[in-house]
Amino acid sequence: MGCISEGICRDCGTIYSIKTGGGFINHDLHCDKCGKLKTVYFMELREAPSKYRSFEEYAGKCECGGNYTMDAPPRCPNCGSTNFERDHTKDLMYD
Ligand SMILES: [Zn+2]
Ligand SMILES: [Zn+2]
């Protein structure tokens, strides 16, 4: 089950949407350094060369030098902070 919710950065007050989890067709990975979102589709991985065994390997490296991982938290797009408050009243669930 994937979820899109609204986050409010505690450090700079920026409001941004946070996507976590994934659905039946994709996984959402985040860069462990800058928090950039990378979506990998199951179908992409199935068609990729066999050296890619996991979503992390397939997603590769972010342009900032960090790695995309499933456990990295989303970050504020403005200041990069992971210190945010979630507004669950605006949660949007999808598949
Ligand atoms: Zn911020
Ligand atoms: Zn990055």
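What you see is a predicted model; the values in this text were computed from it and never measured.

Which parts of the structure should I look at to understand the overall build of the protein chain?
Along the protein chain, the regular secondary structure elements total 2 helices and 6 strands. Secondary structure elements of the protein chain occur, N-terminal to C-terminal, as β-β-β-β-α-α-β-β. Dimensions of the protein chain along its principal axes, counting C-alpha atoms only, are 45 × 30 × 15 Å. Relative to all contacts within the protein chain whose residues are 6 or more apart in sequence, the contacts with residues 24 or more apart total 60%.

Would you mind going over the nonpolar core with me for this structure?
Grouped together as the largest cluster of nonpolar side chains are 7 residues: Leu29, Cys31, Val40, Phe55, Ala59, Tyr68 and Ala72. Broken down by secondary-structure element, the contributors of at least two residues to this core are strand E3 (26-31) and helix H2 (55-59). Those residues in contact with Ala72 that sit more than four places away from it in its chain are His30, Cys31, Asp32 and Gly35.

Please clarify how the environment of Ile25 should be interpreted in this entry.
Mapped onto the elements of the fold, Ile25 is located in the loop between strand E2 (15-20) and E3. Ile25 sits in the exposed class, given 12 other C-beta atoms within 10 Å. Distance from Ile25 to Leu45, taken between C-alpha atoms, is 11 Å for residues 20 residues apart in sequence.

Honestly, the sheet that holds strand E4 (residues 37-41) in this entry has me stumped. Any pointers?
Sheet strands line up and pair through hydrogen bonds in the backbone, either parallel or antiparallel. The antiparallel open sheet is built from 3 strands, whose spatial order is E4-E3-E5. With one partner strand each, in any of the chains shown, E4 and strand E5 (68-69) form the two edges of the open sheet. Pairing of E3 with E5 involves 2 bridges; the strand directions are antiparallel. Opposite Cys31, over in E5, you have Tyr68 as the bridge partner.

Could you clarify how one ought to interpret the environment of Asp71 in this entry?
Considering the arrangement of structural elements, one finds Asp71 in the loop between E5 and strand E6 (84-94). Judged by the 8 C-beta atoms lying within 10 Å of it, Asp71 falls in the exposed class. Residues Asp71 and Phe24 lie 47 residues apart in sequence; the distance between their C-alpha atoms is 18 Å.

Quick notes on the rules
Residues numbered from 1 in each chain as written. Chains lettered and ligands numbered in written order. Predicted model: local features only at pLDDT ≥ 70, side-chain atom pairs only at ≥ 80, totals over all residues. Helix = DSSP H or I, 4+ residues; strand = E, 2+ residues; numbered from the N terminus. Contact = placed C-beta atoms within 7 Å. Core = buried A, V, L, I, M, F, W, Y, C linked by C-beta atoms within 7 Å. Buried ≥ 20, exposed ≤ 12 C-beta atoms within 10 Å, placed from the backbone. Pairing = 2+ DSSP bridges.

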